[in-house]
Amino acid sequence: MKFQSLLLVGALVSLNLAAEEAKENPVTEAGVVKISWQDVDNYRDVKVVGDIQSRYELRVFETLTKNLNKAAEKTLKPNQKLELVVTDVDLAGDVRPTFGATPNDIRVVKDIYPPRMTFSYQVLEGEQVVIAGDEKLRDMSFMHTTGTMNDKPLRYESKMLSDWLKKTVEPKL
C-alpha cells in the first residue's frame, strides 16, 4: 500500500512540474504596442486582492498595454510600433493582510511603495529597429503627480509609462 501511495505522489509531482514548465509567458497587444511579460511568477509585486491571481495578472497586463497604446499612438509615427519585454513589475502600494477583518487582503498605497518596472524596448519602423534600450523605471513622486480625482485602475503605473514615452522615446524620434 505504501508503495502505491509513493507512486501516486510521484506521478502527481511530475504532472505538476510538467504543468509549470508548460506555462507560457503572456503577450498582450493593443494597436501599436506589443508587450511580452517574462517570468511573471518572479515579479516583485503583482499580488491580487480579492480575485484569482492569474485573472488579475492578465487584467493588469491588458490594462497597462491599452493605456500605453493610447500614449504611443500620439507619440509614434504612423508606420511605427513599440515592443516591450517586461522582466519585473512592482505595482504602487503594498498588499497587507487584514487578519480576518475582511475576507480579502488590502493594497495600501503610500509614498514609500512607488511603482516600478524593468523592461527592454524597441521601436520598429516596418521590420527595422529605430530605437532600442533597457529601462528601470521608478516614480518616487507618484502620489503627487496623478491628481486626486483620477480613480482609474493602475493610474500610477500608466502615468509612469506614458511619462517615460514622452521623455525618453519621443525626443529620439
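Before any of the text, the structure's been laid out above.
The structure reproduced in this document is the subject of the present report.

Conventions we followed
- Residues numbered from 1 in each chain as written.
- Predicted model: local features only at pLDDT ≥ 70, side-chain atom pairs only at ≥ 80, totals over all residues.
- Heavy atoms only, no water.
- Helix = DSSP H or I, 4+ residues; strand = E, 2+ residues; numbered from the N terminus.
- Buried < 20%, exposed > 50% of the residue type's maximum accessible area, 1.4 Å probe, protein only.
- Contact = heavy atoms within 4.5 Å.
- Areas by Shrake-Rupley, 256 points an atom, 1.4 Å probe, with all protein chains shown as cover.
- Phe/Tyr/Trp six-rings, centres within 6.5 Å; stacked < 30°, edge-to-face > 60°.
- Pairing = 2+ DSSP bridges.
- Right-handed = clockwise from strand over helix to strand, strands pointing away.

A word on the overall build of the protein chain
Of the regular secondary structure elements, the protein chain holds four helices and seven strands. Counting from the amino terminus, helix and strand elements in the protein chain follow one another as α-β-β-α-β-β-β-β-β-α-α. Here the protein chain holds 173 residues, and the buried ones make up 36% of them. The contacts in the protein chain between residues at least 6 apart in sequence include a share of 65% that link residues at least 24 apart. For the protein chain, the exposed surface amounts to about 11,000 Å²; the carbon and sulfur share of it is 54%.

Examining the environment of L82
Residue position: L82 is located in strand β3 (residues 80-90). The spatial distance from the C-alpha of L82 to the C-alpha of V129 is 9.9 Å, given a sequence separation of 47 residues. Residues in contact with L82, not counting those within four places in the same chain, are V32, V33, K34, L68, L76, Y121, Q122, V123, W164 and L165.

Some thoughts on the packing of aromatic side chains
Aromatic ring pairs are reported here in terms of the distance separating the ring centres and the angle at which the planes meet. Counted under the stated rule, the structure contains six aromatic pairs. Ring centres 6.4 Å apart and planes at 65° place the aromatic pair F119 and Y121 in the edge-to-face group. For the pair F119 and Y121, one class covers both residues: buried. Measuring from centroid to centroid gives 4.9 Å for Y121 and W164, while their planes differ by 80°, and the two rings are edge-to-face. With Y121 in strand β6 (residues 116-125) and W164 in helix α4 (residues 155-169), the pair connects residues that are 43 residues apart, well separated along the chain. Grouped by ring-pair contacts, the aromatic residues W37, Y43 and F61 constitute a single cluster.

Some details on the pairing of β3
Each regular strand carries side chains that alternate between the two faces of the sheet. Relative to β3, strand β2 (residues 33-37) runs parallel, the two being bridged by five bridges. From the neighbouring strand, V33 faces β3, where its bridge partner is L82. A crossover connection joins β2 to the parallel β3 through helix α2 (residues 53-75); in handedness this β-α-β unit is left-handed. With 10 bridges connecting them, β3 and β6 associate as antiparallel partners. Bridging from a neighbouring strand, E83 pairs with Q122 of β6.

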